[in-house]
Every structure is written in C-alpha cells, then in structure tokens.
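Breakdown of the fold
What follows is each chain in one-letter form.
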2 protein chains.
Amino acid sequence: MPQVYNFAAGPAVLPAEVVKQVQQELTSYQKSGMSILEISHRSSLFTNLQTAAENDLRQLMQIPVDYDVLFLQGGATLQFTMTALNLAHKTGKIAFVDTGHWSQRAIQEASLLPDIKPTVIASGKESKFTALPDIPEISENFDYVHLTINNTIEGTMYHQLPVNLKHQSVVADMSSIILGYNYQVKDFDLIYAGAQKNIGPAGLTVVILKHELLKNIPDLPAMLSYPKQVKKNSTLNTPPVFAIYTAGLVFKWLLSQGGVAAMQQQNEIKAQLLYDEIANSKLYHSPVTVADRSLTNIPFVTGSKELDTEFVVRATEKGLLNLKGHRLVGGMRASLYNAMPLAGVKQLVEFMQQFEMNHEGVAK
Amino acid sequence: MPQVYNFAAGPAVLPAEVVKQVQQELTSYQKSGMSILEISHRSSLFTNLQTAAENDLRQLMQIPVDYDVLFLQGGATLQFTMTALNLAHKTGKIAFVDTGHWSQRAIQEASLLPDIKPTVIASGKESKFTALPDIPEISENFDYVHLTINNTIEGTMYHQLPVNLKHQSVVADMSSIILGYNYQVKDFDLIYAGAQKNIGPAGLTVVILKHELLKNIPDLPAMLSYPKQVKKNSTLNTPPVFAIYTAGLVFKWLLSQGGVAAMQQQNEIKAQLLYDEIANSKLYHSPVTVADRSLTNIPFVTGSKELDTEFVVRATEKGLLNLKGHRLVGGMRASLYNAMPLAGVKQLVEFMQQFEMNHEGVAK
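Bear in mind that the values here come from a model prediction, so they are computed numbers and not experimental data.

Conventions adopted
- Residues numbered from 1 in each chain as written.
- Chains lettered and ligands numbered in written order.
- Predicted model: local features only at pLDDT ≥ 70, side-chain atom pairs only at ≥ 80, totals over all residues.
- Heavy atoms only, no water.
- Pairing = 2+ DSSP bridges.
- Helix = DSSP H or I, 4+ residues; strand = E, 2+ residues; numbered from the N terminus.
- Axes fitted to C-alpha atoms, helices over the stretch in contact; angles between N-to-C directions.
- Domains from an automatic or database assignment.
- Contact = heavy atoms within 4.5 Å.
- Buried area = accessible area lost by both parts, 1.4 Å probe.
- Salt bridge = Lys/Arg side-chain N within 4 Å of Asp/Glu carboxyl O.
- Polar contact = N/O pair within 3.5 Å; in protein donor to acceptor, adjacent residues only side chain to side chain.
- UniProt positions renumbered as here; feature names shortened; annotations may be inferred.
- Buried < 20%, exposed > 50% of the residue type's maximum accessible area, 1.4 Å probe, protein only.
- Phe/Tyr/Trp six-rings, centres within 6.5 Å; stacked < 30°, edge-to-face > 60°.
- Lys NZ or Arg CZ within 6 Å of the ring centre and 35° of its normal.
- Core = buried A, V, L, I, M, F, W, Y, C linked by side-chain atoms within 4.5 Å.

Residue and element names in this part refer to chain B. Within the open sheet, the seven strands sit side by side as 2-10-9-8-5-3-4. Their pairing is mixed. Either end of the sheet is taken by a strand with one partner, and the two such strands are strand 2 (67-72) and strand 4 (117-123). Adjacent strand axes in the sheet meet at a mean angle of 20° when their direction is disregarded. Pairing analysis gives four bridges linking strand 5 (residues 144-148) to strand 8 (residues 170-173), with the strands arranged parallel. Paired with L147 across the two strands is A172, which belongs to strand 8.

With that settled, consider the domain arrangement of chain A. The accessible area lost on association of the parts is a frequent measure of interface size. Residue and element names in this part refer to chain A. Domain annotation for chain A reports domain 1 (17-257) and domain 2 (259-358). One C-alpha centre belongs to domain 1, the other to domain 2; they are set 27 Å apart. With 25 residues of domain 1 at the interface, the matching set in domain 2 holds 27 residues. Counting the surface lost from both domain 1 and domain 2, the interface buries some 2,200 Å², and carbon and sulfur atoms represent 56% of this. At the surface where domain 1 touches domain 2, the tally comes to zero salt bridges. On the surface where domain 1 and domain 2 come into contact, there are 15 residue pairs in polar contact (both at pLDDT 80 or more). For the side of domain 1 that touches domain 2, the secondary-structure elements that each account for two or more residues are strand 7 (156-157) and helix 6 (241-256).

Moving on, we come to the UniProt feature "modified residue: N6-(pyridoxal phosphate)lysine" (unreviewed entry) in chain A. Residues and elements named next belong to chain A. Mapped onto the present numbering, the UniProt feature "modified residue: N6-(pyridoxal phosphate)lysine" (unreviewed entry) falls on K197. With respect to the secondary-structure elements, K197 resides in the loop between strand 9 (190-194) and strand 10 (205-210). Judged by its relative accessible area of 13%, K197 falls in the buried class. Setting aside its immediate chain neighbours within four residues, K197 contacts A9, G10, A12, V13, T152, S175, S176 and Y337. At 2.9 Å, the side chain of K197 and the backbone oxygen of A9 are in polar contact.

The interface of chain A with chain B comprises 56 residues on the first partner and 56 residues on the second. With both chains or domains summed, chain A and chain B bury close to 4,300 Å², and 67% of this area falls on carbon and sulfur atoms. By the criterion of area lost to chain B, the three top residues of chain A are Q23, L37 and E38 of chain A, representing 14% of everything that side buries. Taken together, the connections running from chain A to chain B amount to zero salt bridges. The interface formed by chain A and chain B holds 15 residue pairs in polar contact (both at pLDDT 80 or more) in total. When contributions to the side of chain A that touches chain B are tallied by element, the ones reaching two or more residues are helix 1 (16-24), helix 3 (75-87), helix 4 (101-111) and helix 6 of chain A. Looking at the side of chain A that touches chain B element by element, the count peaks at five residues for helix 1 of chain A.

Here we take up the sheet that holds strand 10 of chain A. Residue and element names in this part refer to chain A. Sheet architecture is open: seven strands sit in the order 2-10-9-8-5-3-4, paired in mixed fashion. Two strands in the sheet have a free side with no partner beyond their single neighbour: strand 2 (67-72) and strand 4 (117-123). The mean angle between the axes of side-by-side strands here comes to 20°, regardless of whether they run parallel or antiparallel. Taken together, the three bridges between strand 3 (residues 93-98) and strand 5 (residues 144-148) define a ladder with parallel strand orientation. If you follow F96 over to strand 5, its bridge partner there is H146. The strands that helix 4 touches are strand 3, strand 4 and strand 5; relative to strand 3, the one it contacts most, it runs at about 160°.

Residues and elements named next belong to chain A. In this numbering, the UniProt entry assigns the feature "binding site: L-glutamate" (unreviewed entry) to R42. Residue class for R42 comes out exposed when judged on its relative accessible area of 53%. With sequence-adjacent residues up to four places away left out, R42 is seen in contact with T235 and L236. Among the polar contacts listed, one links the side chain of R42 to the side chain of H41, at a separation of 3.3 Å.

Take the packing of aromatic side chains next. All names here are of chain A. Applying the stated rule across the entire model yields 21 aromatic pairs over all chains. With a centroid separation of 5.5 Å and 85° between ring planes, the pair formed by Y29 and Y245 is classed as edge-to-face. With a gap of 216 residues between them, Y29 in the loop between helix 1 and helix 2 (44-61) and Y245 in helix 6 connect regions that are remote in the sequence. Considered together, Y29 and Y245 belong to a single accessibility category, that of buried residues. The cationic tip of K93 hangs over the ring face of F142; the distance from NZ or CZ to the ring centre is 5.7 Å.

Burial analysis of strand 5 of chain A places five of its five residues in the buried class, which makes it a mostly covered element. Here strand 5 of chain A shows a buried face lined by Y144, H146 and T148 of chain A and a second buried face lined by V145 and L147 of chain A.

With 194 residues, the main nonpolar core has F311 of chain A together with F311 of chain B as its most contacted residues. Setting aside its immediate chain neighbours within four residues, F311 of chain B contacts Y284, F300, L323, M332, L348, F351, M352 and F355 of chain B. If you look at the next biggest cluster of nonpolar residues, it comprises 64 residues, including A76 and L220 of chain A together with A84 and I107 of chain B.

Here you go:
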C-alpha cells in the first residue's frame, strides 16, 4: 500500500496508531471474546471506556467541573436545533454571527422553530466571508450568542473570544477546531462539535455545557433534551459505542502527544508551512485575511479553474488526497487536523512547488 | 481466546465473518490507503457502499420501489419523535398498541409534542404484557397506528399483521426482529429499526417509508424531517459512515446465507430448541403466552431470584454471556438474533440441563 495523505475536511484522517489499535483489538475487546461492535452499552466494558473518554477529554480541554460532557448523535446539524430548543426559552431571541455557510445553516435551522427569533448581529458578507466581522457591543437581551469558531469552508477562525462576547452567554460550534487550538472552555456556555474532524469517526457529536444551563429547560423529547441526556449520562438509549470507543483512543493519543497545547503548536507549524508556500509562490493565492486564517482548513486557488482541476488530479496521483475545494468556494482546500502529520504537509508543499515549476509563467 | 456466545439484547452479536472482514480491511478500504473510518461521505467510495447497502436491503426485504430507505442516527427513540412530528399532521391523532416498555416509550415521546394526541387502542396490561392484546376494529380517524412488532423486554412478537390493521396506515418499530422474520414491507407505511440488534453496530437507524407519505409534511428541522433526509439521500449532513459500511457487510452476509427466509427458518429452529428445553424442564418457565412468543428475545425464569442470579453467574463462567433478564422483568433472557449460531443455542440448552441436574429437587 502506498503512503497517502488525506486532506479531507471530514470525515478526515485519524492517527495511524489509533486505526492500528482498533484493528488489533477488533475481534476481542479487552479479552472479552466479543468485538467492541458487539458489547452492550449497559456493560462495565462500555461504562469504563465512556468514563475514561470523558475524563481524558476533561483533562485535554481543562473542562471545569461545573460543565457536563455529552456524547450524542446527529452531528452539528442536530445541535443547531437542540441549542435553540433547549436554551432559547427566556426571550426566544438568539444572536448569530454570520461567518459563512455553517453559521447560516445554524440560523436557518433555528428559524424553523416556533417562537424563536434569530438576529444576525454581525456578518462577514461584505468580505464574501474572507474576513471575520467585527462584533458590536450587545445591549439587547438575547438568550445566547451563537458563534462558529472555525469556518471549515471559508477557512477563517476566531483565535480568541471576541472582546464584546466576553460577558455574553456564548454557544460555539467548534466542529473543525476542537482539540486543535487552546480555547478556554469557561469562555463558553456550550460547545458542540461533530466528531469526524478532530475527535474520531463520523456518527458522534460532543457537547460540553455549563451545568447551570439545565435549569428551566422545557420538557422536550428525550433525544432533543440536554437535561434528559445529562441525567442519563448520554445513555438514554443505545449510544454510538464504537465511535465513543474510537474517540477515547484518540483522546489517549492526544494526551501521549502532549495534549492540546502541543497540538496547537504543531498545527501552527503545519499551517505556517502552507501559508508561507502560498505567500512565496507566484501561482497560489489565499483569499482569506491574514489575521483571520484558520489553522485547520486552508483554502487556496491558482486563479484558473482549469489549473485548479489539474492540481487536484496530479496531487491525487501523488497520494495527496481530497484537496478539492468546497463547491461553494472552489479551488483547493487542505485540511490540516491534529492527525495530519507534518510529513504530509511537507509533501504537499513540495508538490505545490513542483506543480508551479511545471506551470511557470502562469501569472498569479 | 475462548469461544463465547453473546446473548445480549443489543448491541448484540454480529456475524463472525463480518467482524473479520472489518478487521482485515480496516487500515485501507478498497485499496484506497485510507481507513473506512477516514473516508469522506462525499466520496465515491462511500456513495458506492451506501448504494450497495440500500440495494441489498431492498433485495433482502423485498422493499417495493415506492418506498424510500433512510440511514439515520438517534435510534428508535428519535423515531418515536420523528414519526409523530412528520406523520401526525392531519388529525394529530395517533393510535398506539401498548405491548410493554418500548411501545410505552413511544407513547410518552409522542405526548411531549404539542398538538399530538396519542390514544391507546389496545393494551396487554392485563396480562402484564405476557400476551399481545387483541386489536379492535378501528372506526375513528387516526393519522396512523403505531405497533411494536417485537417486544425485546417482554419477549412477545406479532407473527403477522393483526387483521384489524390491514387497512390502516401502520408505523412499525421492528428494531429487534427486522431481517429475522419475513414480514411484508407493503403491510406497513413506515418501518424503523435501531441497527444494534440484527443490522450492525450501534449508531445507525434504518427507516423504510412509503414515498407518498412525504407529501404535506410540515417544514421541520432538517435532522427531524423525513422529506429533507429523503431529498438528500440520508447525507444531509455527515452520516455514520462506519455503521452503514458494517450494516452493508451484514446485508451481504445475509444474502450469502439465503436471505430473510433462510434466517427465519434458522431462527425458528433456534427458538424452538430453547422453548422446548423450557417446556421439558422442571426448573425453567416462560411467562409468555405460547402463540405470542418472540423468536429473537426469549425471557425465562426459575422462580427463584437467587437461582436466577446463580444461573447467570455460572453461565458467564462457561462463556454464555449477557443472559441476565431486563431489570423490568428479571430472570434470564436469551436474545437469538440472526448472528447467533445454532451451536450457541445448543450450548445454552446443554448448560441449562446441566444446571437443572445440579439443582435437582428445586420445584418449578
């Protein structure tokens, strides 16, 4: 098997060691004679691994004790609905920061609920979402402010909590940056993330929420209710056992690598390598404002659609996979999550240089 | 590793060949150099396996062309909510047949929705759910009748569609019997099933629904909307790739074994072996009315709580695992899903005989 590097935005590359371990113990988990695919969610085998996964995640993200951790299903898209259903019960008003596609999806989904009024308090629309909008001081009363921390498609990212959100109740979509950058959980009331980028395989959603939020939430259907899920410790019904198990292995791998601070450092090195190549080249261009650039999702273009297409084809031939940009922005996109090794980024940069040499004279 | 037999009610035993295949190709799916855990749901690798899984399921269950097949998340519990939200929009009235715990959960979840009126049209309460209730002729107008086809906890099962439901719109929870008994899809408007019993690993829910139901459904949040999920072919957001992949392997295994008819035959042989042992013994007793007995979930008791406990302990020592009955009914329960080999049931029956010999004189 040739070495390949998978730059997909998600589902994405996992640590090779984790995949190997899953493979090794797949037919008999912990010498039980049963596969992890077959064990009951009411067994101590599962309870132990879920507890370990939660504790390791708490250690990695330094999650304060007054926050609950949930392992759910349905992806960020179901969280668009759940956050609004659970948390917008005082004023019914939610403030959204529009940073592109995924924040717009969150707004759309909230709009579908009765008695919910989404308000866009800031938008990157003018810059075509190549920059993050300034967030004004907020005087109106909202149940919470929703923020997409990292914009997987547009390649922008909040490197810290915007100053005008410091005293707000903030709900954050961290799907494509969680565990990759050292955010402070205490800055947020609720964080959610689909697993299929920096956590584990698809089919799992992690939710981290301040325990005091659980007060006064209406009596919702069980699978849509944070209080009911918290009360049953995410095992209100059968949870996605295998995805939680694999996420747990990823958490252990992250701890062995030095945790989130070490990941952030690595991610900064990897991203800088690619951004430098883009800056130094005559062929490649990043549309994103420098200060707002994402560490994990890096879109770039040549300026020619034909050349972009050729780039992706030739890269694929070299084992550099899934570099095609999202259809909404075109061009290329390299996703450099925690599990993408530095060697992969180096190989990508070398390929970019070679490709540029082969197309000399094509202006930027 | 000693051979064990896993009699859990779900997550449950999978075909050994399937687990082996998952293990073998885990580090490189279809020679892609990527694990199935890493492939994009927008890749042809995934699209092809999803299409194959759907086609194989259609063949196995002879699903008519005017039915859609969905691969969702959230388990049967989310279907309790989704069925009501999507389908109870004409009269708001749903008829429920109360056959025990899981049908009651369905009723509870429907009750939490505004403008929904659940009506229990028949109940097995009088028999303590050891028998299925007669279903009366229905003259009132309901949006649909909800039926739990196999009752995992109580060990009862509808062997065919009750005659008074023949001209009704029927929604069926088939979680613990799907693909194990030859039901006719055309008898139902909608069938749902959590995967973790007869389909694959936990974290996947299969929904089969008549296409014409999709008309006039209100504009619901995307993850709760059948029309939106159908329109996007279950990839409205990132689906549980690995669970769909593994389910696909189970479907291929079922086809190789002769399909659902062959499975039903095997399941009847396995169940009969155990029911005969119960009938012939002086120690064991099944509380369930003979005509209503499940093929897949078989509860039994000794009549003594201490002896029940000892049975489970001794069985576990012999590698006969997860025989403890559900806390609501106590005693023992053997779940004999498709992937439970005949050899496992034979070994259980032998153990039961040995255990009875060792406790001779203990009256039934």
